[in-house]
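Structural overview for review
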Amino acid sequence: VYWNPRLGTEHERIVKMLKPEDVLYDVFAGVGPFSVPAITISHVNSVLANDLNPESYRYLLENYKINNKSKTRLKEIEKRKLFVKNNTKIPESVLKSDQLKFNPLDFFIAFNMDGRDFIRNKLKYHLVEILNYQSVNKIQEKSNFYVLMNLPALSLEFLDAFYNLYDLEETLTIKKVLASELLENFKLNVFCYHFCKSDEGELKQIQENIRQEVYRDQTLNIESKYVRKVAPNKDMYCTMFKLQFKHLLYQNESETSKNNNESRKKNSHSDTD
């Protein structure tokens, strides 16, 4: 397994940022340095954690068990489960799939999968079903949704898994079932950790590639935070941006091209003004 104590400050930053109503998807969770404290310290709504390494997956489950076995913690979990059972109802699934059976009592679920498969076969269904669950039950505390991608050597290559996450039929179903206001206000906060040369130009190029090549959206606001130096000419960054639901729903290439052209024209007029 791999765990780096030098990322302790970054682990703490993320955990402190999370609130009880939030939802966390940890694509490359390792042994759980983000996921476990998110559920045990921040007490977030739910965590879906994944790692391809079977040993990391085994210790991820072990870490969760160890950190939630105290009498106080077990009482907290039981109290929360009773509240969910007695005060909410589980609506009919929006998307019919055997990939993931949504249950609001599943506060922590771990998977041993490839990251792309996790995004496209687990995260996608959980995301829609938890939104529907909160909407049907008129839950006031709106969740912030976060995706952590801490595999710095490869994370950038997995970002396109969110583009066209839902096929045409799924997109039509989602638009039919979920309120348009809910979809319009939704934001998926993506935190992608990656390496970069100690060169501001390369970092800007990475950001531009995400806008143009991955999501075909020149208006996407992207920020990058320096995390630590890995080698004399190699730094680690956390690049952050918020995806709207439109980025996840089905788009054919002609529509995407048209939208991008319109966006570029608006930007051009704005620059002129």
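Because the structure is a prediction, the values reported are computed rather than measured. Along each chain, the written sequence defines residue order, and numbers are assigned to residues from 1. In keeping with the predicted nature of the model, local features appear solely for residues at pLDDT of at least 70, side-chain atom pairs appear and are counted solely at 80 or more, and the whole-chain, interface and lining totals rest on all residues. By convention in this description, side-chain values take in all heavy atoms of the structure and omit both hydrogens and water.

The end-to-end C-alpha distance of helix H5 (residues 115-136), which contains 22 residues, comes to 30 Å, matching closely the 32 Å that a straight helix rising 1.5 Å per residue would cover. Bending of H5 peaks at approximately 35° at the position of Leu123. Each residue's exposure class comes from its accessible area (1.4 Å probe, protein chains only) as a fraction of the maximum for that residue type: buried when under 20%, exposed when over 50%, partly exposed otherwise. Going along the chain from the N terminus, every DSSP run of H or I of four or more residues is numbered as a helix, and every run of E of two or more is numbered as a strand. Within H5, 16 of the 22 residues are buried, leaving the element largely enclosed by the surrounding structure. N or O atoms closer than or at 3.5 Å make up a polar contact, with two conditions inside protein: a donor-capable atom paired with an acceptor-capable one, and, for residues adjacent in sequence, both atoms drawn from side chains. The N-cap of H5, judged by a side-chain oxygen 3.0 Å from the amide nitrogen of Arg116 a few residues on, is Asp114. Take the residue count of a helix, subtract one, and multiply by 1.5 Å to get its expected span. By definition, a residue's bend is the angle between the axes fitted to the seven residues ending there and the seven starting there.

A separate point is the environment of Ala231. Summarising the element assignment, Ala231 is placed in strand E6 (residues 222-231). Residues Ala231 and Ser198, 33 residues apart in the sequence, show an inter-C-alpha distance of 9.5 Å.

Alternating residues of strand E1 (residues 23-26) divide into Val23 and Tyr25 and Leu24 and Asp26, and every residue in both groups is buried. Two strands are counted as paired when DSSP detects at least two bridges linking them. Here E1 pairs with strand E2 (residues 46-50) via 4 bridges, running parallel. Paired with Val23 across the bridge in E2 is Ser46. If the strands point away from the viewer and the path from the first strand over the helix to the second runs clockwise, then the crossover is right-handed. After leaving E1, the chain enters helix H2 (residues 35-40) and then returns to the sheet as E2, a path that is right-handed. Bridge count between E1 and strand E4 (residues 145-150): 4 bridges; the pairing is parallel. Within the sheet, the bridge partner assigned to Tyr25 lies in E4 and is Val147.

With that settled, the discussion passes to the pattern of salt bridges. When a carboxyl oxygen of Asp or Glu lies within 4 Å of a side-chain nitrogen of Lys or Arg, that pair is called a salt bridge. Taken as a whole and judged by the stated rule, the model has 11 salt bridges. The residue Glu92 makes a salt bridge to Lys96 at a minimum N-O spacing of 2.8 Å. The pair formed by Glu92 and Lys96 is uniform in burial state, with each residue classed as exposed. Among the salt bridges present, the one from Arg211 reaches Glu208, with a minimum N-O distance of 3.1 Å. Pair noted here: Arg211 and Glu208 are both in helix H8 (residues 200-214), with a separation of 3 residues, about one helical turn. Judged by relative accessible area, Glu208 falls into the partly exposed class, the value being 22%. Salt bridges here are not isolated pairs; linked through shared partners, they connect Glu10, Arg13 and Lys225.

The values are spatial; any link to function lies outside them.
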